[in-house]
Each structure stands twice: as structure tokens, then as C-alpha cells.
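# Remarks on the overall topology
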Amino acid sequence: MSPNRRSDRPDVRRVVEAVYRIESARIIGALARLVRDVGVAEELAQDALVVALEQWPDRGVPDDPGPWLMATAKHRAIDYLRRQETYRRKLAVVGAEDGFSEETAIVDALDDHIGDDTLRLIFTACHPSLTTESQVALTLRMLGGLRTDEIARAFLTTQASVSQRILRAKKALRGVAFELPPASEAPARLSAVLGTVYLIFNEGYSATAGADWARPELAKEALRLGRVLCGLMPDAPEVHGLTALMELQASRIGARTDAEGRPVLLADQDRRRWDRLLIRRGLAALARAEELGTLGPYGLQAAIAAGHARARAFEDTDWSRIAALYRLLSHVAPSAVVELNRAVAVGMADGPAAGLELLDGLRLPGYPHLPAARGEMLERLGRTAEARAAFAEAARLTRNDAERAVFTRRASSA
Amino acid sequence: MRYVMLLEATQPQTPPPAGLMEAIMKLGEEATAAGALIDNAGLLPSAAGARITVTGGDLTVTDGPFTETKEMISYAVYEVRSKEEAVEWCSRFMKVHRDLWPEWAGSCRILQVMEF
């Protein structure tokens, strides 16, 4: 088949990158099963990307660019194995004999289990032997096909430091089998995977530092990973719970900043700007999680987010239900932040005095949202001077510029 | 980045080949599993629809079919990281038609959804 005519396609490089991003997880997963080393697999996949970058501008984009990349990567893997002393043993594993048929057998072996391989890849990228930072970098790199400079930009760090993290991670994974976790470890390992994805989402959704309130592209990438996980683990309730949570939170991205990029709090958001398609998907994913069993921490947070999504106006919010869901959440995943959110919900359901009472029992050193919530309750109770002091403290504690502006404004207007 | 894809075509006299629907479903599964395809549906022939026109202060409602245009066949909503990714998914979809139903001719418009 002749190459595609893509007349108005000036930048083939961008086409190569797009195809690579679509295919990277599948390619790396397939190669990792064969070469038994995700670091090597990722480098071989990168080699295939380089070949495409060299060839496509001259020869045109192949008619089937995805399979082309996969085939090229497989050939790299075969070359690599040829150079390895373990080559003979690998051949025994795939049951081949000699010559060209060996290659065929390897390639055939590679064709199975695409979904399983992607799943293995995710569990390996979030392996407990890695630091959280490395898990994040490796996940974005291998599952998202992101370049090192893109990851660095997303996390406000340098390209060199991301490269270091990835190198260290690949080294740490060298002795780690490319396998799904055994049943006894599965819950903890799944929880690590979901934790990594949600960390990426939150870094995009509520940037902890820097000038932006949110980096939507990063949040969207985490949401995409959640959707991928739903396809790979259709019967795991928390996978659907997490994806529901991200769909529902992402539905508000457009409404949570104003034209100048300043944060708009939930109470003040124009709900007509919420993304109905994401809400619908979020509610469907939540329903799926509920069907599969008891809601876990992510499912409960999704149910809380759904409570907001279902309220047509802030005043319509069923705060008693949300407070009850936070109570459940504090049982399955106790944390001071959950207690803080429960206090806010109780403050809305039963009045600011009840909320303040709960808040006053909390200790969250350095966390700006505790004084901010206290400021809110105090303001509603008419204790203006205390409210101002609380907002000023929140402004001092936050590392996010946009958030600081909001707290500072509240400190002077309360 | 979100894109809407609108497929329009002149349906040939020959019925769609048996494998077409299967191939379309398989590609749809792949695009869903990749987290890219987030909504899609087929559209009934325009005979089932209507058109409302405003011109010169007059509002007119006309029942389908609309013979002067190709039929809209389906729509899909994709969430991807670049326009090139949208073009790649759409090309795969169109290639399924090209390869399995040679008499078929159609085009798919890719439009970026405005996001705030």
C-alpha cells in the first residue's frame, strides 16, 4: 500500500509523536515481556521512534503507522536479544527452533496479551521499590508517552532532574520481574497505581506550587490513564471510583478560574460552564463502581463530587448527605484533610458553629485550607477580626500564587 | 483537547460488507481503551430529522430527508493530546471503510471543541 497522501501536513514530526503517544504503552509492554527489562524496552521503543523521525519525513507517513512502529520496535528487540547471551534460552521459552522461524515465533509471541502487557507495565512503573517521584515520572513517560521536557514542565522541575529520576527508576527495576503482582499483594499494589494516577491528577488540578491554579493538560492526562485502567481492570470497583472522581472534578476545570486565571470557589462557580459530558461519564463510572461492590476511598470521594455535580445551584447542595459521605470516608481512609472537609460540610448542613467546633479539634500544621475554612466559619458567625486573621494565615501558608490572592482578598474583605 | 468528528457519506447501493461493523466496533473498543474516544453514536437517515432555518426574519421548519447533501452518518467525541492524534484516530476509522467497502465514499470533519 502506498504511503498516505497528507497534503496539508507540514510537520511530520508532530505526526510521529502523536502515533508514538498512542502506541507507546502497547509497544513498551510488548517488548518488556520479551526482553524482561522495562528500561531496555523503553529504550528500544525510543529507538523505533527515532527511526520514524528519520524515515517518515522523506518516505511519507506509512499507511498503518501504529503497526509500523510496533514492527520496527519488535525488530529492535530481536536485534537486542541476538546480542544477549540469554538469546537461546528465550527461544526455548517461545518454543522456536532456528533461523527465520525463530524471529517469527518471537513476533507471534509478542502479538498476544496486549492488554495484560499494558497492565504489567503500569504495575511495574508504580513498583514499590521506586520513589513516588520516580513512579510519577515513569508512568507519564511509559504509559503517557510524554517526553522528559514535558514531564519537567508539568512538575516545574528541570529536564535533568526528570532524566535522573527515570534513569534511577530503570536501574531499580532491573531485577524486577515483568509480572502482575501475586494475589496477596494485589490490593496494595493496585492502591499504589491508583495513588500515582491521582497524584498526577491533583498536581494538574490544584497545582501545589507556582503561578498557575491548575495545569489542565496534566489533569487530563491522569484522567486518560484512569480511563485506560477502567478498560484493563473492568471489575475493580476502586478503578471506576477513581476515574469517576477525576471525571467529575475535571468537569469543573473550565468554571474554576475566571478570565484572568484567578480561582473561583465552588460556591461562586457558574455551573452552566461545567462539562456535562464529563459529568455524565463520571456518574456512569460511579454507578459502575457501586454495582461492583462497596465504595472505597475513591468511590466515596466520587460520590461526594457527584453530590456537587447533581446540584443545579450551590444552594441546592445536599450538605447532610455530603457530610454523611465524609463520615464514611473518614472511617475507610482516616485523615485530617478528610476531617477538615467533613467539618466544612457539617458547617454547611448544621451551621457555622457546628463546623467550627469540628475544625477547632484539628491539627494540620502548615496546611492553608484549615485556617481558610476557619475564616469562612468565623466570618459567617460575625467574628470578623478572627476571620481576617485566619485568612491572613492561610495566605501566608499557601505556595500557590493564585490561591494566595484569594485568601489575601478575603482577609481584607471579611 | 477535545474534538468532534462528523462523518458524512454517500451510501453506495451495495449493502455494507459483513466485516465492516465488526471492524468499526473493534476500533471503537481500542480508542475507548486508549482513553481517547469518550462519546459516539450513529445517526439515523435525515428522513427521521428536520431542519429549522432562520432567514430574513422568517423561521421555517422543514422535515427531512435533505436530498441536496450527503447524509450525516455518525459522530464521535475524542479527547486527545494533539490535533495530530485526532487525525490519526480518524484516519484509522476512515481506513476501515476504505479497505472493507471499496464502493464507499465519504469524508469526516474534525472540529476542535472550544474549551474554557
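Here the residue numbering is sequential within each chain, running from 1 through the sequence in written order. All chains are assigned letters beginning at A, and all ligands numbers beginning at 1, according to the order in which they are written. Selection of residues for local features in this predicted model requires a pLDDT of at least 70, selection of side-chain atom pairs for listing and counting requires 80 or more, and totals for whole chains, interfaces and linings are taken over all residues.

## Let's talk about the overall build of chain B
- Secondary structure is summarised from DSSP: a helix means a run of H or I of at least four residues, a strand means a run of E of at least two, and numbering begins at the N terminus for each. A count of helical and extended segments in chain B gives two helices and six strands.
- Listed N to C, the secondary structure of chain B is β-α-β-β-β-β-α-β in terms of helices and strands.
- Each principal axis of the C-alpha distribution contributes one length, and for chain B these read about 45 × 45 × 20 Å.
- Counting other C-beta atoms within 10 Å of a residue's own tells you its class, since 20 or more makes it buried, 12 or fewer makes it exposed, and anything in between is partly exposed; those C-beta atoms are placed from the backbone. The buried share of chain B, taken over its 116 residues, is 21%.
- By the convention adopted here, residues are in contact when the distance between their C-beta atoms, placed from the backbone, does not exceed 7 Å. Looking at chain B alone, contacts between residues at least 24 apart form 75% of all its contacts between residues at least 6 apart.

## Description of the packing of helix α1 (residues 12–35) of chain A against helix α2 (residues 83–100) of chain B
- Here the axes come from fitting lines to C-alpha atoms, over the contacting stretch only for helices, and the angles between their N-to-C directions go from 0 to 180 degrees. Following both chains from N to C, one finds α1 of chain A and α2 of chain B inclined at 70°, their axes separated by 8 Å at the closest point. One finds that α1 of chain A runs roughly perpendicular with respect to α2 of chain B. As for how α1 of chain A packs across α2 of chain B, the hand of that crossing is right-handed. Contacts from R14, V15, A18, V19, R21 and I22 of chain A of α1 of chain A reach α2 of chain B at E84, E85 and E88 of chain B.
- In this count, Pro and Cys sit with the nonpolar residues alongside Ala, Val, Leu, Ile, Met, Phe, Trp and Tyr, while Asp, Glu, Lys and Arg are called charged and the others, Gly among them, polar. Across the contact of α1 of chain A with α2 of chain B, the residue classes tally to four nonpolar, no polar and five charged. Working rule for angles: under 35 degrees goes down as roughly parallel, over 145 as roughly antiparallel, 65 to 115 as roughly perpendicular, anything else as oblique. What makes a crossing left-handed is the near helix being turned counterclockwise from the far one by less than a right angle; a clockwise turn instead makes it right-handed.

## Structural notes on helix α20 (residues 401–413) of chain A
All names here are of chain A.
- Expected helix span is taken as 1.5 Å per residue step, with the number of steps being one fewer than the number of residues. The terminal C-alpha atoms of α20 lie 19 Å apart, and with 13 residues this matches the ideal 18 Å at 1.5 Å per residue to within 8%.
- Restricting attention to buried positions, one finds in α20 the residues E403, V406, F407 and R410. End-on view of α20: buried residues confined to an arc of 95°, all on one side of the axis.
- Its buried side turned inward, α20 meets α18 (369–380) and α19 (384–397). Of all possible arcs, the one meant is that of the directions from the helix axis to the C-beta atoms.

## Focus: the nonpolar core
- Counting 132 residues, the largest nonpolar core has I28, L31 and A302 of chain A together with Y78 of chain B as the members making the most contacts within it.
- Ignoring sequence-local partners within four residues, the contact set of I28 of chain A consists of V38, A41, E42, A45, L121 and M142 of chain A. A set of buried Ala, Val, Leu, Ile, Met, Phe, Trp, Tyr and Cys residues, joined through C-beta atoms within 7 Å, is what we mean by a nonpolar core.

## Focus on the environment of F407 of chain A
Residue and element names in this part refer to chain A.
- Among the structural elements, F407 can be located in helix α20.
- Sequence spacing of F407 and A392 is 15 residues, and the spatial spacing of their C-alpha atoms is 6.7 Å.
- With residues up to four places along the chain from it excluded, the contact list for F407 reads P368, A372, F391, A394, A395 and T398.

## Some details on the sheet that holds strand β1 (residues 2–10) of chain B
All names here are of chain B.
- With respect to topology, four strands assemble into an open sheet ordered β2-β5-β1-β6, the strand pairing being antiparallel. Edge positions in the sheet fall to β2 (37–42) and β6 (105–112), since each has one partner strand and no second. The mean angle between the axes of side-by-side strands here comes to 15°, regardless of whether they run parallel or antiparallel.
- Where β2 lies against strand β5 (residues 71–79), five bridges are found, and the strand directions are antiparallel. In the sheet register, L37 faces β5, and the bridge partner there is Y78.
- The sheet contacts of α2 involve β1, β5 and β6, and relative to β6 the element is tilted by about 165°. Following DSSP output, two strands are said to pair if at least two bridges run between them.

## Concerning the packing of α18 of chain A against α19 of chain A
Residues and elements named next belong to chain A.
- Two numbers describe how α18 lies on α19: the axes approach to 8 Å, and their chain directions differ by 160°. Comparing their axes, α19 and α18 come out roughly antiparallel. The chirality of how α18 crosses α19 is left-handed. Along its contact with α18, which presents P371, A372, R374, G375, L378 and E379, the element α19 presents T384, E386, A387, A390, F391, E393, A394 and L397.

## Description of the interface of chain A and chain B
- Taken together, the contacts link 17 residues of chain A with 15 residues of chain B.
- Secondary structure elements with two or more residues in the side of chain A that touches chain B: α1, α11 (216–232) and α13 (276–292) of chain A.
- For the side of chain A that touches chain B, a count of residues per class yields eight nonpolar, two polar and seven charged.

## So, unusual backbone geometry
- Look at the link from G64 of chain B to P65 of chain B: it is a cis peptide, with omega at 0°.
- Following the sequence through the fold, P65 of chain B ends up in the loop between β4 (58–63) and β5.
- We note that R36 of chain A has phi near 60°; this positive angle belongs to a residue other than glycine.
- Structurally, R36 of chain A is set in the loop between α1 and α2 (38–59).
- The partly exposed category is assigned to R36 of chain A, around which 19 C-beta atoms lie within 10 Å.
- The phi torsion at L156 of chain A lies on the positive side, around 50°, for a residue other than glycine.
- Examined against the element boundaries, L156 of chain A turns out to sit in the loop between α8 (148–154) and α9 (159–172).

## Thoughts on the confidence of the model for chain B
- The pLDDT averaged across chain B works out to 93; a share of 97% of its residues lies at or above 70.
- Across the interfaces of the predicted complex, the ipTM metric reaches 0.91, alongside a pTM of 0.89. Confidence of the prediction at every residue is given by pLDDT, a number between 0 and 100.

## Overview of the confidence of the model for chain A
- Here chain A shows a mean pLDDT of 89. Residues at 70 or above account for 88%.
- Taken element by element, chain A is modelled with least confidence in helix α5 (residues 99–111) of chain A, mean pLDDT 52, and with most confidence in helix α14 (residues 297–310) of chain A, mean pLDDT 98.

## Some points on α13 of chain A
- Between its first and last C-alpha, α13 of chain A extends 24 Å over 17 residues, near the 24 Å set by a 1.5 Å rise per residue.
- Among all positions in α13 of chain A, only L278, I279, R281, G282, A285, L286 and A289 of chain A are buried. For α13 of chain A, the arc enclosing every buried residue in end-on projection is 165°, short of the 170-degree limit, so these residues lie on one face. Turned more than 90 degrees off the buried face of α13 of chain A, the exposed positions are R276 and E291 of chain A.
- Where the residues of α13 of chain A are buried, they touch α11, α12 (237–250) and α14 of chain A together with β2 of chain B.
- Positive phi appears at G293 of chain A, one or two residues downstream of α13 of chain A, with a value of about 155°.

## Structural notes on the pairing of β4 of chain B
Residues and elements named next belong to chain B.
- With zero of six residues buried, β4 is to be regarded as a mostly surface element.
- The pairing of strand β3 (residues 50–55) with β4 spans six bridges and is classified as antiparallel. Counted as the bridge partner of I52 is V61 from β4.
- Linking β3 back to β4 in an antiparallel pair, the connection comprises two residues, with G56 at a positive phi of about 55°.

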